[in-house]
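Inside the fold
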Amino acid sequence: MSAKSAINKEVFTPHDEKMLVAVQVKRRTKKKIPFLATGGQGDYMTFICVSVTNKKPSHVSITKVKQFQGSSAFVKRSQWTIGELRQVNGINPNKDCPEFDLMFENAFDQWVAGSAGEKCIFIQILHHTCQRYSAARTPEFVNCQSKLLGGNSILHSAADSVTSAVQKASQALNERGERLGRAEERTADMMNSAEQFSVTAQKLAMKHKC
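Please read all numbers here as calculations on a predicted model, not as lab measurements.

Rules used throughout
- Residues numbered from 1 in each chain as written.
- Predicted model: local features only at pLDDT ≥ 70, side-chain atom pairs only at ≥ 80, totals over all residues.
- Heavy atoms only, no water.
- Pairing = 2+ DSSP bridges.
- Helix = DSSP H or I, 4+ residues; strand = E, 2+ residues; numbered from the N terminus.
- Buried < 20%, exposed > 50% of the residue type's maximum accessible area, 1.4 Å probe, protein only.
- Arc of directions from axis to C-beta.
- Contact = heavy atoms within 4.5 Å.
- Salt bridge = Lys/Arg side-chain N within 4 Å of Asp/Glu carboxyl O.
- Core = buried A, V, L, I, M, F, W, Y, C linked by side-chain atoms within 4.5 Å.
- Axes fitted to C-alpha atoms, helices over the stretch in contact; angles between N-to-C directions.

Concerning the pairing of strand β1 (residues 17-27)
A regular strand places its side chains so that they alternate between the two faces of the sheet. Alignment of β1 against strand β2 (residues 44-53), held across eight bridges, turns out to be antiparallel. Bridged to M19 within β2 is S51. Two elements, β1 and strand β7 (residues 108-113), share three bridges in a ladder whose sense is antiparallel. For V25, the partnering residue across the bridge sits in β7 and is A113.

Digging into helix α1 (residues 3-12)
Within α1, the full set of buried residues consists of A6, I7, V11 and F12. On an axial view of α1, the arc spanned by its buried residues comes to 170°, and they lie on one face. On its buried face, α1 is in contact with β1, β2, β3 (60-68) and β4 (75-81).

Concerning the pattern of salt bridges
Inspection of every chain in the model, using the stated rule, returns five salt bridges. Several salt bridges share partner residues, and in doing so they unite R27, K64 and D109 into one network.

Thoughts on the pairing of β7
Of the two faces of β7, the one holding D109, W111 and A113 is buried and the one holding F108, Q110 and V112 is not buried anywhere. Direction of pairing for strand β6 (residues 99-104) relative to β7: antiparallel, over a ladder of five bridges. Bridge assignment links D101 to a residue of β7, and that residue is Q110. Hairpin connection of β6 to β7: three residues between the antiparallel strands.

Notes on the nonpolar core
Within the largest apolar cluster, 27 residues are counted, with the highest numbers of intra-cluster contacts made by I48, L85, F100, L102, F122, I123 and L126. Mapped by element, the contributors of at least two residues to this core are β1, β2, β3, β5 (85-89), β6, β7 and α2 (116-133). Per element, the largest residue contribution to this core is six residues, and it comes from α2. Setting aside residues no more than four positions away along its own chain, L85 makes contact with I62, L102, M103, F104, L126, C130 and P139. Grouped together as the second largest cluster of nonpolar side chains are ten residues, A6, V11, A22 and C49 included.

Overview of the sheet that holds strand β8 (residues 140-142)
Reading across from one edge, β4-β3-β2-β1-β7-β6-β5-β8 is the order of the eight strands in this open sheet, with mixed pairing throughout. Two strands bound the open sheet, and with one partner strand each, they are β4 and β8. Averaged over all adjacent pairs, the angle separating strand axes in this sheet is 30°, with direction ignored. Where β2 lies against β3, nine bridges are found, and the strand directions are antiparallel. For V52, the partnering residue across the bridge sits in β3 and is V60. Contacts from α1 reach β1, β2, β3 and β4 within the one sheet, and its direction differs from that of β1 by about 120°. Across the sheet, α2 lies against β1, β2, β3, β5, β6, β7 and β8, angled at about 135° from β1, the strand it touches most.

Section: unusual backbone geometry
A cis geometry characterises the amide bond from K56 onward to P57, with omega recorded as -5°. In this structure, P57 sits in the loop between β2 and β3. Of note, D16 is a non-glycine position whose phi angle comes to about 60°, a positive value. Along the polypeptide, D16 turns up in the loop between α1 and β1. Since its relative accessible area comes to 32%, D16 is described here as partly exposed.

By themselves, these are just geometric observations and shouldn't be taken as functional.
The structure is reproduced here in structure tokens:
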């Protein structure tokens, strides 16, 4: 099981939530936190996750999840509602890069994702989720490439690929149906011919007996 699947199963499913996307990140700048405040738990991996409740009305959360070295468990550390998200900064609108910032009402974090591609997928899904679920105020997306906020996005490309696959499958089924239909017609014609031959043979047999 992948780390993201495990996070969804351990952190969100028990609370009747569904994880929409997660990205593994590291801080670009170290926070000045006393050693004792961290609990002295050593190295860890950090994931930023977006989730939505299964029950209506839907509530979207952005959660910081950590996995500490030597442990297989994932721990929820901080959580914000989508309404607390004020700004998403993509850092560079002209080229792919793994850096991005998240600004909340009471927090500001500067992150670097494992790759530019992972960051792109995260921001695309986060933007789509904000557009869908933010009723009052939508957070600001700045310094983000246009492909991340619509147009020729990965999400749209994926949707187009799925649609194309469905269309091809449907066409194949239709062609198969047509072939089956023609085969059934030929079978019916052969059966009719066989029946006619049988009737003719019976008539000939009766004639010869007479």
